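Here is how the chains run, residue by residue.
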Amino acid sequence: MFYSVAQYYRGGAMRWENLSEPGHTRASDAALFDADAVTVRTFDTPEFAGITFHEVRARSIVNRVPGASRMPFEWTVNPYRGCTHACVYCFARKTHSYLDLDTGLGFDSQIVVKVNAPELLRRRLSSPGWHGEHIAMGTNVDCYQRAEGRYRLMPGIIDALTEHANPFSILTKGTLILRDLDALARAARVTDVGISVSVGFTDPALWRTVEPGTPAPERRLDVVRALGERGIGCGVLMAPVIPFLGDDPAQLRATVRAIAAAGATSVTPLVLHLRPGAREWFMSWLAAHHPHLVRRYERLYAEGAYAPKWYQRRITRQVHDLAREYGIGPARAGASRRTPEPAPAVEPGPTQLTLL
Ligand code: SF4
């Protein structure tokens, strides 16, 4: 069953106590944060109109990824939950339900901020049990979403990683990352730093409706350019390629050409996938904006969350051919500048990579 936006938004009480951090088992982990440590805040600026921030003092910040052996990273740091970038297809939406928050509009507007993230990370990196493993950020929600402009958690996080020469990677759609260029350059002098920007398409009309809270694709490609000028290589996760809306050969060509012109070190295509939580929200959006495509989507995703292999292979081949034509190198397997790949479906799944 698919829901309309109005039907899907249910608001509701928030269950703050006895929740485990996503990716951890409830039996073994401490609660994510204490109920009495939540401060609810709104701001009277146009940028944050309609957005509620739930400031919490988290109990832990470095999370182990379930099924990590199948993924290119094992440890993640996520200072936020929920994302004002509001991508309709975002499959981190389901994670909001673990807090009894709505996974539709609530995910876009009820943002949990772990205000003590830098201090917790410092403590973890100094602990005897930590051995300098790679830490991936932007794997659940975007750490450079608009809230970061106000809360400024990332500079402290990057500084902590730099002090410990701890390798890390960031995947983002946020141009706010440019604020931290100096810190990233400092980090890159002492450890492996991998930055990837997500740009699935450059079509402005599609961008406005399906990724309404994000910076425009061209602005994201400016990030790639700016990082390159500072000597920090940046890959592009070409995600998601949206069937029937962003997969036309001319669209793929325009996108890869723009990615190449920005100086990306690699391009990794990834076809839209629709896991529970994202699927309902995306399909209600599709029914409202492109009703003639609903049946085609139901057929394409009839087997589950992923488009059929033949379709994925076709897109991958087309993008790789275009990347060769425009002179973009392939992502190196096992390279330190990692572009995170899609995660396999692992329950409960909240720390899996989203389509940033
Ligand atoms: S896909 Fe990424 S940028 Fe978009 S809403 Fe989800 S977490 Fe935010």
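Residues numbered from 1 in each chain as written. Predicted model: local features only at pLDDT ≥ 70, side-chain atom pairs only at ≥ 80, totals over all residues.

1. Overview of helix α9 (residues 217-229)
Rules: Labels follow the DSSP assignment, with helices taken as runs of H or I lasting at least four residues and strands as runs of E lasting at least two, numbered in each case from the N terminus. By this rule, a helix spans an expected 1.5 Å times one less than how many residues it contains. C-beta atoms are first placed from the backbone for all residues, and any pair lying within 7 Å is then listed as a contact.
End to end, α9 covers 19 Å across 13 residues, agreeing with the expected 18 Å (1.5 Å per residue, within 8%). Those residues of α9 that are buried lie in contact with β9 (193-198), α8 (204-210), β10 (234-241) and α10 (249-261). Positioned one or two residues after α9, G231 has a phi angle of 80°, which is positive.

2. Remarks on the confidence of the model for the protein chain
Selection rule: One confidence number per residue, pLDDT, is output by the predictor and ranges from 0 to 100.
The pLDDT averaged across the protein chain works out to 85; a share of 81% of its residues lies at or above 70. Counting contacts from residues 1-30, a segment whose pLDDT is below 50, to residues more than four positions away or on other chains yields 65 contacts. Here residues 332-356 is a poorly scored stretch, pLDDT under 50, and it has 77 contacts once near neighbours within four places are set aside; other chains count.

3. With respect to the pairing of strand β2 (residues 52-56)
The line we're drawing: When DSSP finds at least two bridges between two strands, those strands are taken to pair.
Across three bridges, strand β1 (residues 39-41) lies against β2 in antiparallel orientation. Directly across from T39, in β2, lies its bridge partner E55.

4. Remarks on the nonpolar core
Rules: Note on terminology: a nonpolar core is any set of buried Ala, Val, Leu, Ile, Met, Phe, Trp, Tyr and Cys residues joined through C-beta atoms within 7 Å. Three exposure classes are used. Buried residues have 20 or more other C-beta atoms within 10 Å of their own C-beta, exposed residues have 12 or fewer, and partly exposed residues fall in between, all C-beta atoms being placed from the backbone.
Core analysis: the biggest nonpolar cluster contains 86 residues, and Y89, I157, V224, V236, M238, I259 and V267 have the highest contact counts within it. Element by element, the count of residues in this core is highest for β10, at six residues.

5. Here we look at the sheet that holds β9
Here is the rule we go by: Note on method: axes are straight lines fitted to C-alpha atoms, helices fitted across the in-contact stretch only, with angles between N-to-C directions ranging 0 to 180 degrees.
Spatially, seven strands are ordered β3-β4-β7-β8-β9-β10-β11 in an open sheet, and the strand pairing comes out mixed. Each of the sheet's edge strands pairs with one partner strand only, and the pair in question is β3 (62-64) and β11 (267-271). The mean inter-strand angle of the sheet, taken between neighbouring strand axes irrespective of direction, is 25°. Pairing between β10 and β11: four bridges, direction parallel. Bridge pairing in β11 links L237 to T268.

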